[in-house]
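As a plain string of letters, each chain reads:
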Amino acid sequence: MEETVLKLQGLTKKYDNKPVVDHISMEIKKGEIFGLLGPNGAGKSTTMNMICALTKPTAGSVRIFSKEMNTVLNTRQIRRRIGYIPQDIAIHGNLKAWENVELFTSLYGLKGKELKDAVGEALEFVGLSEHRNDYAKNFSGGMKRRLNIACALGHNPELLFFDEPTVGIDPQSRNFILKKIKYINSQGATVIYTSHYMEEIEAICTRIAIMDNGKIIAVGTKEELVSLVTDDLSANMSLEEVFLTLTGKKLRDYAEGDKA
Amino acid sequence: MPWVLIKNNLKLMLKNKWILFFMTALPLMVMALLASVFEDMLGKDTAIEKIAVGYAIHIENEEEEQSFREAFETFVEGCEENDIYLQEYEATEYKDLLEKKATDIFLLVTDKEMIIYGSEDKKIETMVLNSALASFDKMIHSVKVLKEYLTENPEKVQNLKETQLPDKDYIKAERLAVNPLPSAMDYYGIIEVVYFAWAGMVSLSVVISNERKNKIENRLQIAPVSKLSLYLGKVVPCVLATAVELGITMGLSIMLFGVHWGKIPASLGILLLLCIASGTVGVLLFYLFKSVVVSIVAGYLGLMTIGFLGGTFNMYMYAYPEHVQKLSVQYYVNRTLVEYSTMGDSAYASGCITFLTVIILISTTLGMFVMNKRMEV
């Protein structure tokens, strides 16, 4: 039986007494690429923030590697093993590529030669070795996204959170990133992936959760999700169709927090 | 200690050309400007090297005038030995001479009185001459009394001739190094470095605004580092950047303007404490307010307040009572550094160190608390 890497139980977040994330419970096994799908305002980012301990849950628990982040020691131990790739490109434009990777990797306790080697490997992994001495502000959008990823990989995390990592980049860069995520996963890392792009989720995720109104409305492989909306498995329904069937076609104009 | 975080944040701070200019070139410009603008005002209170006195004697009785002139000649010689130079002019010339500053003050001697003419800024010279003339006048009067006595008692004259005159070095003047005033350049050279040490917190804005704009704070929050490390990762580079920039400014102020810093190791120690205080207060302000601009404005207003309360050295430039002035850390810092420059030591040093240490401790505690709260989503 695969080890449970992440377990959420009754996870809730309320703003002004209104739930943005409403009693979410789920488990993610080691080695999965788990997709989190949902319309705007569904609660995906808030869920990610609670899992990463960026924000405190109103209720419920988060267990990563069978530990809760309820003590300083636990929190640090867990954080050493996770990597977070934010939706925003969180890098210093006035630092060079290698300086960015060095800065963020050093926060995970790497020093000296180990740090230097890790920086080199991370940049090579994302295809930026040749640009290691260039300032990040001069990078294209795709390069910045790749650097954004490199900054989270240097310390070889076992659990990775990708929050919409391909927003605003060209198809080649997107394709490159998706391949790399699959490769990381093949090396043993567990990945939690959020995106609006259905084809990405479909392409790489082993299991998908669909969120709406702060709740998980469906969880499973693509085939299992299709079976929720149709008995005709040969219909070859796309994930987008499944998603729209389950969440509705009404426009979602609010962001999380606004809805609350 | 998060060395890589400190190193990279320091790089970000020192790479910003505008902040480098603000912290190095601008203080020099302000120093030169203020020193030249306020040179005369400060010069009023600096040591007077010599006094030039024009004089005219207008006594109607010729015999009396002659007698006075003989005695006055001795007075003139005595004054010269004490850097007071008297030169005779026509009485009608005094206004012209004073307007053209050909002489500092003018003495008019008539039958009934001696009048010293001088402008408002020559009060000290007037007082000095007044004091000297008072002694001279007493001497003249004593001689008159003695003359009358000897006329009535001629047998006493012989005794008088045998009396030895006192050594002319009997009365001496010594200059004491008590509260010597600095030159305008030294004064503004020192206090501008102090003011810009506080302004060093602006270096933090480069790092903090970038972290907020690019959501780097989230990345830092997720990393397995202590809050203390994140705090030091901001304060230490700010202190180092400010110290480097001020070091450059100090060096240039000495080379270009000859600013005299006294008791160098102690002065540098005080300035380093100041840089640390600036860094810790800076972090507190940047996390107290959401907006970087508001934080900078708040810092600026705070700096102006402590500057006006107690930062100025010359008494006549402000009207706050001393117990109010002492509420300002600038009161102690400026006085300590200026006195190190003029006297080589300062009684304000211990108060200065204590005040800065308290500021550092309080702002560190509050700063860490506020930073922690602010970084939570």
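Residues numbered from 1 in each chain as written. Chains lettered and ligands numbered in written order. Predicted model: local features only at pLDDT ≥ 70, side-chain atom pairs only at ≥ 80, totals over all residues. Heavy atoms only, no water.

## Some points on the overall build of chain B
Spelled out, the test is: Each helix is a run of H or I in the DSSP string that is no shorter than four residues. Each strand is a run of E no shorter than two, and both are numbered from the N terminus. Between two residues, a contact is recorded if the distance between any of their heavy atoms is within 4.5 Å. Computed by Shrake-Rupley with a 1.4 Å probe, the accessible areas treat only the displayed protein chains as cover when residues are assessed.
If you tally the helices and strands in chain B, you get 16 helices and 4 strands. Here the analysis covers contacts within chain B between residues at least 6 apart in sequence; of these, 73% occur between residues at least 24 apart. Here chain B has roughly 20700 Å² of accessible surface; of this, 61% comes from carbon and sulfur atoms.

## Topic: the pairing of strand β1 (residues 51-58) of chain B
Residue and element names in this part refer to chain B. For the record, the criterion: Relative accessible area decides the class of each residue, using a 1.4 Å probe on protein chains only: under 20% of the type maximum gives buried, over 50% gives exposed, and in between gives partly exposed. Two strands pair if DSSP finds at least two bridges between them. For the handedness criterion, the strands are oriented away from the viewer, and a crossover whose path from the first strand over the helix to the second runs clockwise is classed as right-handed.
Within β1, 6 of the 8 residues are buried, which leaves it mostly tucked inside the rest of the structure. With 5 bridges connecting them, β1 and strand β2 (residues 84-88) associate as parallel partners. Bridge pairing in β2 places Y55 opposite E88. The handedness of the β1 to β2 crossover, carried by helix α4 (residues 62-81), is right-handed.

## A word on the interface of chain B and chain A
Frequently, the measure chosen for interface size is the accessible area removed from exposure when the parts meet. The condition is simple: A simple way to read buried area is as the amount of 1.4 Å-probe accessible surface that goes missing from two parts once joined, with both sides added. The term salt bridge refers to a side-chain nitrogen of Lys or Arg lying within 4 Å of a carboxyl oxygen of Asp or Glu. Under this definition, polar contacts are N or O atom pairs within 3.5 Å; protein pairs additionally need one hydrogen-donor-capable and one acceptor-capable atom, and for neighbouring residues in sequence, both atoms have to be side-chain atoms. Residue polarity is assigned by list, with Asp, Glu, Lys and Arg as charged and Ala, Val, Leu, Ile, Met, Phe, Trp, Tyr, Cys and Pro as nonpolar; anything else, Gly included, falls into the polar class.
Each side of the interface is counted separately: chain B has 24 residues, and chain A has 32 residues. Carbon and sulfur atoms supply 59% of the area buried between chain B and chain A, which totals about 2600 Å² over both sides. Where chain B touches chain A, the interface holds 4 salt bridges. Residues K15 of chain B and E99 of chain A are paired through a salt bridge, measuring 3.9 Å at the closest nitrogen-oxygen approach. Across the chain B-chain A interface, the total number found is 11 residue pairs in polar contact (both at pLDDT 80 or more). When residues of the side of chain B that touches chain A are traced back to their parent elements, those giving at least two are α1 (3-15), α9 (202-213) and α10 (216-222) of chain B. Grouping the constituent residues of the side of chain B that touches chain A by class yields 10 nonpolar, 7 polar and 7 charged.

## Looking at the domain arrangement of chain B
Rule in force here: Residue ranges assigned to each domain were obtained from an automatic or database domain assignment.
As assigned here, chain B comprises domain 1 (3-38 + 188-376) and domain 2 (51-156). Spacing between the C-alpha centres of domain 1 of chain B and domain 2 of chain B amounts to 56 Å.

## Quick word on the packing of α4 of chain B against helix α6 (residues 123-152) of chain B
All names here are of chain B. Rule in force here: Helix axes are fitted to C-alpha atoms over the stretch in contact, other axes to C-alpha atoms as well, and angles between N-to-C directions run from 0 to 180 degrees. Should an angle fall under 35 degrees it is taken as roughly parallel, and over 145 as roughly antiparallel, whereas 65 to 115 is taken as roughly perpendicular and any remaining angle as oblique. In a left-handed crossing the near helix is turned counterclockwise from the far helix by less than a right angle, and in a right-handed crossing that turn is clockwise.
Contact geometry of α4 with α6 gives a least axis separation of 11 Å together with a crossing angle of 135°. Classed by the angle they form, the pair α4 and α6 counts as oblique. Considering the relative orientation of α4 and α6, their crossing is right-handed. When α4 is examined against α6, the residues F68, A71, F72 and F75 are found in contact with a partner set consisting of L129, A132, L133, F136 and I140. Tallied by class, the residues present in the contact of α4 with α6 amount to 9 nonpolar, no polar and no charged.

## Some thoughts on the packing of aromatic side chains
Put simply, the test is: Note on aromatic pairs: the rings of Phe, Tyr and Trp (six-membered ring only in Trp) are paired at centre separations within 6.5 Å, and the planes decide the class, stacked below 30 degrees, edge-to-face beyond 60, tilted for the rest. In this scheme, the term charge over a ring applies when either NZ of a lysine or CZ of an arginine sits within 6 Å of the ring centre and within 35 degrees of the ring normal.
According to the stated counting rule, one finds 16 aromatic pairs over all chains in the structure shown. Aromatic pair F68 of chain B and F72 of chain B: ring centres 5.4 Å apart, planes at 20°, arrangement stacked. Of the two residues, F68 of chain B and F72 of chain B are both situated in helix α4; the distance of 4 residues between them amounts to about one turn of the helix. Across the pair, exposure class does not vary: F68 of chain B and F72 of chain B are buried alike. Its guanidinium or amino end placed over the ring of Y135 of chain A, K137 of chain A lies 5.9 Å from that ring's centre, counting from NZ or CZ. Against the face of F125 of chain A rests K180 of chain A, its NZ or CZ located 4.7 Å from the ring centre.

## Remarks on the sheet that holds strand β7 (residues 159-163) of chain A
Residue and element names in this part refer to chain A. Read from one edge of the open sheet, 6 strands run β6-β7-β8-β3-β9-β10, paired in mixed fashion. Whereas interior strands pair on both sides, the edge strands pair on one side only; in this sheet they are β6 (82-85) and β10 (215-220). Within the sheet, the average angular offset between the axes of one strand and its neighbour, ignoring direction, is 15°. By the bridge criterion, 4 bridges tie strand β3 (residues 33-37) to strand β8 (residues 190-194) in an arrangement that is parallel. Each bridged residue has a counterpart across the sheet, and for I33 the counterpart in β8 is V191. In the packing of helix α8 (residues 222-229) onto the sheet, contacts are made with β9 (207-212) and β10, and the angle to β10 comes to roughly 115°.

## A look at the UniProt feature "transmembrane region" (unreviewed entry) in chain B
Residues and elements named next belong to chain B. Our working rule: UniProt positions are given in the numbering used here, feature names are shortened, and annotations may be inferred rather than shown by experiment.
UniProt's feature table lists "transmembrane region" (unreviewed entry) at residues 18-38, 187-209, 230-258, 264-289, 296-319 and 347-371, given in the numbering used throughout. For residues 18-38, the end-to-end C-alpha separation is 28 Å, with 95% helix and 0% strand making up the annotated structure. A distance of 41 Å separates the end C-alpha atoms of residues 230-258, which is 97% helix and 0% strand.

## What about the pattern of salt bridges?
Residue and element names in this part refer to chain A. Scanning the entire structure with this criterion turns up 18 salt bridges over all chains. E27 serves as the salt-bridge partner of K29, at 3.3 Å between the closest nitrogen and oxygen. Take E27: its relative accessible area is 32%, and that puts it in the partly exposed class. Put simply, K7, E27 and K29 are held in one network by salt bridges that share partners.

## Things to note about a nonpolar patch on the surface
Operational definition: Two distance rules govern patches: like charges are joined within 9 Å, and nonpolar side chains (Val, Leu, Ile, Met, Phe, Trp, Tyr) within 5 Å, applied only to residues with over 30% relative accessible area and no salt bridge.
Among the surface-exposed residues, V293, V297, Y300 and L301 of chain B lie close enough to one another that they form a single nonpolar patch of about 400 Å² accessible area. Secondary-structure assignment places L301 of chain B in helix α13 (residues 292-310).

## What to know about the nonpolar core
Just so we agree on the cut-off: Nine residue types can take part in a nonpolar core, namely buried Ala, Val, Leu, Ile, Met, Phe, Trp, Tyr and Cys, and a core is a set of them joined through side-chain atoms within 4.5 Å.
One finds L147 of chain A together with L356 of chain B to be the most contacted residues of the largest nonpolar core, which totals 154 residues. With 13 residues, helix α8 (residues 184-199) of chain B is the largest single contributor of residues to this core. In terms of nonpolar packing, the next biggest core, distinct from the first, is built from 20 residues, A71, F75, I84 and I105 of chain B among them.

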